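Survey of secondary and tertiary structure
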Amino acid sequence: MKISVIIPVCNAEVLITNAVESALQFGEVYEVILIEDGSYDHSLTVCKDLEHKYERVKLFQHSDLHNHGAAASRNLGIEKSRGDYIAFLNAYDHYLPNRFDAEREMFKKDKVDGVYGALGVHYHSKKAKDKYYHLYRNRLTTVCEKCHPEAVFAGQLTLGSLFGKLHINTLTLRKLPFIKKMKEFFKPIPYYADTDFLLRISFYLNLYPGIINKPIAMRGIYEPDRISIIIPDKENPASKKVVLWKELHEWADREDSISDEIKLHIRRMYHSFSIGDASFLRKWRMIIKYMITDYTIIRADIYNSNFRDSLFILLLIFIANLFSFI
């Protein structure tokens, strides 16, 4: 196996060395590709030092040397990669010694396009743990049970029973089918670009579960640099989710091979977050509209939970459900 590990780097001078060295512990890692993304700290200097120190570390920047975001940086890393397999790692995170245990065996089968595993949580300081443990605890980010590749796409869309989540740090891809089957890699959307990518890739590729009952990589919680990410801001959470589901809705409409049932679900998720993101009066107009045109959005918890943010709306949903039994 020759694995290219792609790491976007932006303002990560403190922990990027830990991430890189966690990847270099594996003989299968052919190269660690650092994409320095316009940092304003000393990340570029640290990356240059790592490239000089380790033969397998390769450093690249965007042509204009500006910040383009993690999505564009990963796309550049994919373009520069020379391995037969691709894995990803965030600059604040790190791999565990069992990271590629499952891949060594599973990629012997040609039908396996990708393998995913479980992600744990690591607090880089006591201060970080004291501040953020109530948010992340020691939960695993993982698919809850082993399933066939055909179930991964629908499972992530929250169709059916409890499924769980994939994470970019624990995904390993066979490069040839990935390049051949994916029409677009990471999209330059402002929020949830990883989620969008993982959903689309689980539709196009045969993804198999590796180690999902214990972590193979750790998400790093680093108190000084995580404040702007972790502390909730005043922006309506639906404003970010509606960006993701709008993108998925437009993509699904263009894909003839996606079933009508799944397209309908994606459309309803998009409309439900659109309601949640709307102003008060527009929210009510949309609720009344969908009570007439697509009542399921108003009645089903999987959809109305995305906009049930006031007692008035809860009352309307209750009345609508009451009338449905009359």
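All values reported here derive from a predicted model rather than from experimental measurement.

1. Describing the packing of aromatic side chains
- Scanning the entire structure with this criterion turns up 16 aromatic pairs.
- Grouped by ring-pair contacts, the aromatic residues Phe-88, Phe-178, Phe-185, Phe-186 and Phe-197 constitute a single cluster.
- The ring of Tyr-30 has Lys-2 lying over it, and the distance from NZ or CZ to the ring centre is 4.3 Å.
- Directly above the aromatic system of Tyr-95 lies the positively charged group of Arg-99, at a separation of 4.8 Å from the ring centroid.

2. Regarding the sheet that holds strand β8 (residues 171-174)
- Read across the open sheet, the seven strands follow the order β3-β2-β1-β4-β8-β6-β9; overall the sheet is mixed. Across the chains shown, the open sheet's two edge strands, defined by having one partner strand only, are β3 (57-61) and β9 (207-209). On average, each strand axis in the sheet is tilted by 25° relative to the strand beside it, whichever way the strands run.
- As paired elements, strand β1 (residues 3-9) and strand β4 (residues 85-88) share four bridges and run parallel to each other. Bridge pairing links Ser-4 to Ile-86 in β4.
- Contacting β1, β2 (29-36) and β3, helix α1 (residues 16-24) crosses the sheet at an angle of about 160° to β2.

3. Side note on the nonpolar core
- Membership of the largest hydrophobic core comes to 54 residues, with the highest contact counts inside it found for Phe-88, Tyr-116, Leu-173, Phe-178, Phe-197 and Trp-245.
- For this core, the leading source of residues is helix α10 (residues 237-254), giving seven residues.
- Setting aside residues no more than four positions away along its own chain, Tyr-116 makes contact with Val-143, Cys-147, Val-152, Leu-166, Thr-170, Leu-171, Leu-207, Tyr-208, Pro-209, Gly-210, Ile-211 and Ile-212.
- In this structure, Leu-15, Leu-59, Phe-100 and Met-106 belong to the second largest nonpolar core, which totals 38 residues.

About the thresholds
Residues numbered from 1 in each chain as written. Predicted model: local features only at pLDDT ≥ 70, side-chain atom pairs only at ≥ 80, totals over all residues. Heavy atoms only, no water. Phe/Tyr/Trp six-rings, centres within 6.5 Å; stacked < 30°, edge-to-face > 60°. Lys NZ or Arg CZ within 6 Å of the ring centre and 35° of its normal. Pairing = 2+ DSSP bridges. Helix = DSSP H or I, 4+ residues; strand = E, 2+ residues; numbered from the N terminus. Axes fitted to C-alpha atoms, helices over the stretch in contact; angles between N-to-C directions. Contact = heavy atoms within 4.5 Å. Core = buried A, V, L, I, M, F, W, Y, C linked by side-chain atoms within 4.5 Å. Buried < 20%, exposed > 50% of the residue type's maximum accessible area, 1.4 Å probe, protein only.

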